Every structure is written in structure tokens, then in C-alpha cells.
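# Examining the three-dimensional arrangement
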Amino acid sequence: MKLGIVGLPNVGKSTLFNAITKAGAEAANYPFCTIEPNVGIVAVPDERITKLHEIYNSKKTTYATIEFCDIAGLVKGASKGEGLGNKFLGHIREVEAIVHVVRCFENDNIVHVDGKINPLSDIDTINTELLLSDMEILERRITKTQKNAKFDKSAASELEMLNKIYAWLGEGKNARAMDLDSDEADFVKSLGLLSYKPIIYVANVSDDNVLASENGENPMVQQVRKLASEEGAEVVIICAEIEAEMAELDEEERQMFLEELGVSESGLDKLVKASYALLDLISFLTAGEDECRAWTIKRGTKAPQAAGKIHTDFEKGFIRSETIAFDKFIECGGSLASAKEKGFLRSEGKEYVMKDGDICNFLFNV
């Protein structure tokens, strides 16, 4: 699962990304690591895995992860190749979702690229480049489809849909904000449009304005929230400066820091959870003395395909899954024998649709 972090210069994008990568220096409950300078892998906070580790005293504990890619080089005209435009757009094509960092604080010591703080203008600058790139793709597709429509009547409906999307984008609206049925959504997704990718807006606020922003007292954050609601996007409030400071602390110090701030979790943890939810992902769990682990799957995945995440042989030779909901397992004191007695341990077959928090033992034969 790969997300791209974008933003204009001096909005806090690099500070946030550095917080993601620096946090890897401490092997805490939610480990972070860096695999190359512009990519950071972040664990998805999951208290269920922590609890299972405590029950089994497992040798290894593995959380689900999200990969963040620091995408740089945007200037106006990127869609036409200005600056590092082609590279910028190419990197966005490779990610599953976009994390757009927007500056929502005043600071005379940090110069804004446009000379003034205006979150909506910042968002519009990047969105415009994505829209222009998408429209260029559509123009080529429309030209090709127009030729095919002369010989293939089925191409006429596709041409109609392409023109509908093109007109929508021409009004300055993102593709993800279109009201589509499932077939139309599948078609739009197949086009690979940048403005159709799911997005989280990160409202970067000052260190003395975090709680006020959460309580709706920051007008700039409110502007971002309003725009996000109109296009079905998420908003997470973060102070990148605070996240960078916390990245230097160990887990105990980090918790004390959060208590002093009066918040229950870091902005980074909120971002990770929001990213996980944005892509409609869930976790199933495996547990034992050797390892307790969370496995990432799309919501709606059936048991054999979930088993295939562990090993392809599990899917090929799938027989059944011995399954119990995490909450029921804890209700039984972490005892499978007790769970079996109470009828909570279920035997699920090939058509079973996995649920978030399922603890599974897959039986297979190859």
C-alpha cells in the first residue's frame, strides 16, 4: 500500500516526511523504518496485535504497514513538463492514494511560495496540474474512440462517457467527486486519472493551535474541511513540527508528550489510520508463539484469497479457516479451548467474506 505525499514548498511536507522516516530509529510498539531516502514504511497502529503478543508472548510481532513516498518537484506548469513536472506526475501515477499537505498557519519566518497563506489556493495549484494532465489523457482517448466509433457501435457509449468526464474536469472538478454507478466507477478507474485517486488533505497547523484546530477554531482548516467534503476527501489535522519532535523520543517519552498536549494519539497515527480506512482496507490476524501478525486485505476479500496473502499454497489448497473474532477471543480470556466450548470458534469455507479483526488458522492441502 503506497501513498504519495505532495505539497507546495514551505507547507511542512518535508518536515512531516522526515518525522515519518526518523521515527524508524526507535524500535517501539509501532515500528517505523526507511527503505530508501524518499520512501518511509509506517506501521498501522493496532492494539489487537499488541494484546495478542501479550497473550502468546510471541517471538515476533508484525503490524500491517503503509508506504509513504515523498513526491517533490511541483511547480505551476508541471502538466506541461515545467520543472520536474513529468517526474512529479509519474510518481503520483505509481501510488494508490495522495496525501496532500496544506499549510494552515501564519509564520513570518517561513516564506510562502506565493507570498501569502491561502490553503484553497495551494490546493487549487496542485489540483489544476492534475486536472490538466488528466484532460490531456482524455483528449488522446477521445480522439482514438471517435475513430473506433465509425466502425464499432459499442464505442459510442464509451465516447459519451469520456466526453462527460472531460466536461466535468473542464469545470475544475476532480474526477473523484463525480457521482458514478459501479460500472461507471470501474471505467473511470481504468483510465488511470490522477484526480480520481483517493486523497487525504493534511492540514498542517502551528504547535500552539492543534486543539483549537480540532475544535473548529482555525478558519483555514475549516476551509480545507469544506472543500474536502465536497469532493469526498478526508482531512487530518497535524502539526508537522510536533511530529518531528516526537520522532526523536522513545515510546514512553512520546506518550508523556501526548498527555501534555492533551491528545490521545499522534497526528502521524491519525494519518496512518485515515490512510488505511481511505483505501477500504481491513486486517485479519494470525496468532501464536512464533508470531502475531496483522495482514492487510481489501474489504470484501474471501477466505481463500486472504489465505493467499500468507502463502500461495494456502490459497491453492484451501480447505477451511478456523476463525474467531478478536473481541470474542478476548472475551474468552485468550483461550481457544474456552472459545470452542462457547461456540465462538467457527469453521469457515471458500465463500466466507473476511471481517476486520478475524483471527484465522488456515487449513490447506497441496
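In short, a report on the structure. (Residues numbered from 1 in each chain as written. Predicted model: local features only at pLDDT ≥ 70, side-chain atom pairs only at ≥ 80, totals over all residues. Heavy atoms only, no water.)

### Quick word on the packing of aromatic side chains
By the definition in use, this model includes five aromatic pairs. With 6.3 Å between their ring centres and 5° between their planes, Y56 and F329 make a pair best called stacked. You can see Y56 sitting in helix α2 (residues 47–56) and its partner F329 sitting in helix α14 (residues 326–331), a full 273 residues away along the chain. The ring of W168 has K173 sitting right over it, with the charged end atom 4.3 Å from the ring centre. (Phe/Tyr/Trp six-rings, centres within 6.5 Å; stacked < 30°, edge-to-face > 60°. Helix = DSSP H or I, 4+ residues; strand = E, 2+ residues; numbered from the N terminus. Lys NZ or Arg CZ within 6 Å of the ring centre and 35° of its normal.)

### Quick notes on the packing of helix α4 (residues 119–149) against helix α5 (residues 155–170)
Taken N-terminus to C-terminus, the directions of α4 and α5 make an angle of 155°; their axes are 9 Å apart at the nearest point. Classified by the angle between their axes, α4 and α5 sit roughly antiparallel to one another. As α4 runs across α5, the sense of the crossing is left-handed. For the pair α4 and α5, contact is made by L131, D134, M135, L138, E139, R141, I142, T145, Q146, N148 and A149 and by A155, A156, E158, L159, L162, N163, I165, Y166, L169 and G170, respectively. In terms of residue class, the contact of α4 with α5 is built from twelve nonpolar, five polar and four charged. (Axes fitted to C-alpha atoms, helices over the stretch in contact; angles between N-to-C directions. Parallel < 35°, antiparallel > 145°, perpendicular 65-115°, else oblique. Left-handed = near helix turned anticlockwise from the far one by under 90°. Contact = heavy atoms within 4.5 Å. Nonpolar A, V, L, I, M, F, W, Y, C, P; charged D, E, K, R; others polar.)

### Here we look at the nonpolar core
Core analysis: the largest hydrophobic core is formed by 74 residues, its most contacted members being L16, L52, F68, C104, Y201, V202 and L271. No other element matches helix α11 (residues 267–278), which puts six residues into this core. L138, L159, A175 and A185 belong to the second-largest nonpolar core, a separate cluster that totals 18 residues. (Core = buried A, V, L, I, M, F, W, Y, C linked by side-chain atoms within 4.5 Å. Buried < 20%, exposed > 50% of the residue type's maximum accessible area, 1.4 Å probe, protein only.)

### What to know about unusual backbone geometry
Despite not being glycine, N57 has its phi angle at roughly 50°, a positive value. Even without being glycine, D280 reaches a positive phi, approximately 55°. Mapping D280 onto the fold places it in the loop between α11 and β9 (281–286). Classification of D280 by relative accessible area gives partly exposed; the value is 36%.

### Here we look at empty space enclosed by the protein
Where empty space is left can be seen by rolling a probe of water-molecule size over the atoms. Tallied over the full model, the rule gives one cavity of 30 Å³ or more. Estimates place the volume of the largest cavity at around 100 Å³. Along the wall of the largest cavity there are 15 residues; nearest its centre are V210, E243, V263, E265 and G267. Broken down by secondary-structure element, the contributors of at least two residues to the lining of the largest cavity are α7 (210–214), β8 (234–238), α9 (240–246), α10 (251–261) and α11. Looking at which element gives the most residues to the lining of the largest cavity, the answer is α9, with three residues. Partitioned by chemical class, the residues of the lining of the largest cavity number nine nonpolar, two polar and four charged. (1 Å grid on protein atoms, 1.4 Å probe; cavity = no way out; pocket = protein on both sides within 12 Å on 5 of 7 lines; lining within 4 Å. Points joined across faces, edges and corners; volume = space filled by probe spheres on them.)

### Digging into the environment of A307
Note that A307 resides in helix α12 (residues 303–310). Separated by 23 residues in the primary sequence, A307 and F284 place their C-alpha atoms 9.9 Å from one another. When near neighbours in sequence (up to four residues on either side) are disregarded, A307 contacts F314, E315, F318 and F362.

### Some thoughts on the pairing of strand β5 (residues 65–70)
Residues in a regular strand point their side chains to alternate faces of the sheet. Examined bridge by bridge, strand β1 (residues 2–6) and β5 share four bridges and lie parallel to one another. By the bridge assignment, L3 is partnered in β5 with F68. Where strand β3 (residues 39–43) and β5 come together, five bridges link them in antiparallel fashion. Its bridge partner lying in β5, G40 is registered against F68. (Pairing = 2+ DSSP bridges.)

### Observations concerning α10
Regarding α10, the residues found buried are E251, R254, F257 and L258. Seen end-on, α10 carries its buried residues on one side only, within an arc spanning 115°. Facing away from the buried side of α10, by more than 90 degrees, are the exposed residues E252, E259 and E260. The N-capping residue of α10, defined by a side-chain oxygen 3.2 Å from the backbone nitrogen of E252, is D250. Of the residues flanking the end of α10, it is G262, one or two places downstream, whose phi is positive at about 85°. (Arc of directions from axis to C-beta. Polar contact = N/O pair within 3.5 Å; in protein donor to acceptor, adjacent residues only side chain to side chain.)

### Description of a negative patch on the surface
On the surface, a cluster of negative charge is contributed by D179, D181, D183 and D186. Within the fold, D183 resides in helix α6 (residues 182–190). (Patch = residues over 30% accessible without salt bridge, like charges linked within 9 Å, V, L, I, M, F, W, Y side chains within 5 Å. Areas by Shrake-Rupley, 256 points an atom, 1.4 Å probe, with all protein chains shown as cover. Salt bridge = Lys/Arg side-chain N within 4 Å of Asp/Glu carboxyl O. Lys, Arg positive; Asp, Glu negative; His and termini not counted. Charge placed at Lys NZ, Arg CZ, Asp CG, Glu CD.)

### What about the pairing of strand β6 (residues 97–103)?
Most of β6 sits out of view: seven of its seven residues are buried. Burial along β6 is two-sided: the face carrying A97, V99, V101 and R103 and the face carrying I98, H100 and V102 are both buried. With four bridges joining them, β1 and β6 adopt parallel strand pairing. Residue pairing across strands places L3 opposite A97, the latter belonging to β6.

By themselves, these figures tell us nothing about what the structure is for.
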